[in-house]
Amino acid sequence: PYRRQRQMCIRDRVYRKIKQLTGMSVVEYIRSIRLKKAAMFLRQDKLSVSEIMYLVGFSNASYFTRCFKEEYGVSPKEFTRQNNTSKHDKPTEN
């Protein structure tokens, strides 16, 4: 009983510290890290949105898209399009 109670106190302190430092709950903080990682992979344009979704820890496509859109204002596909159009549209020097 004492050990369990101590673990809960430690967990609560960690949760409060993360909230204090980031302004986010632990769940929100972890989600934001996953979404930043997803954005990084989307910019590289080497994997599909589905592959990236699973790679960063999401298992539901609609939830991933909803979270991504809340964070970045566009869907993952649109994000990829916006970030890679500029790469492909640059004029080449002859």
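Here the focus is the nonpolar core. One finds V56, F58, F64 and F68 to be the most contacted residues of the largest nonpolar core, which totals 14 residues. Looking at this core, the elements with two or more residues in it are α2 (26-44), α3 (49-55) and α4 (61-72). Here this core takes 5 residues from α2, the largest share from any one element.

Moving on, we come to the pattern of salt bridges. Evaluation of the coordinates by the stated rule reveals 2 salt bridges. Across the pair R11 and D12 runs a salt bridge, and its minimum N-O distance is 3.4 Å. Judged by its relative accessible area of 30%, D12 is partly exposed. One salt bridge in this structure joins R81 and E78, with 2.5 Å as the shortest N-O distance. With R81 and E78 both in helix α5 (residues 76-89), this residue pair falls 3 residues apart, about one helical turn. Classification of R81 as partly exposed rests on a relative accessible area of 47%. With a relative accessible area of 27%, E78 lands in the partly exposed category.

Attention now goes to a positive patch on the surface. On the surface, R3, R6, R13 and R16 cluster together into a patch of positive charge. In this structure, R16 sits in helix α1 (residues 2-22). When its relative accessible area of 54% is taken as the criterion, R16 is described as exposed.

On the surface, I10, V14 and Y15 cluster together into a nonpolar patch covering about 260 Å² of accessible area. Structurally, V14 can be placed in helix α1.

Mapped onto the elements of the fold, I30 is located in helix α2. According to the relative accessible area criterion, I30 is partly exposed, its value standing at 38%. Spatially, the C-alpha atoms of I30 and V14 are 13 Å apart, while their sequence positions differ by 16 residues.

Cut-offs used in this document
- Residues numbered from 1 in each chain as written.
- Predicted model: local features only at pLDDT ≥ 70, side-chain atom pairs only at ≥ 80, totals over all residues.
- Heavy atoms only, no water.
- Core = buried A, V, L, I, M, F, W, Y, C linked by side-chain atoms within 4.5 Å.
- Buried < 20%, exposed > 50% of the residue type's maximum accessible area, 1.4 Å probe, protein only.
- Helix = DSSP H or I, 4+ residues; strand = E, 2+ residues; numbered from the N terminus.
- Salt bridge = Lys/Arg side-chain N within 4 Å of Asp/Glu carboxyl O.
- Patch = residues over 30% accessible without salt bridge, like charges linked within 9 Å, V, L, I, M, F, W, Y side chains within 5 Å.
- Areas by Shrake-Rupley, 256 points an atom, 1.4 Å probe, with all protein chains shown as cover.
- Lys, Arg positive; Asp, Glu negative; His and termini not counted.
- Charge placed at Lys NZ, Arg CZ, Asp CG, Glu CD.

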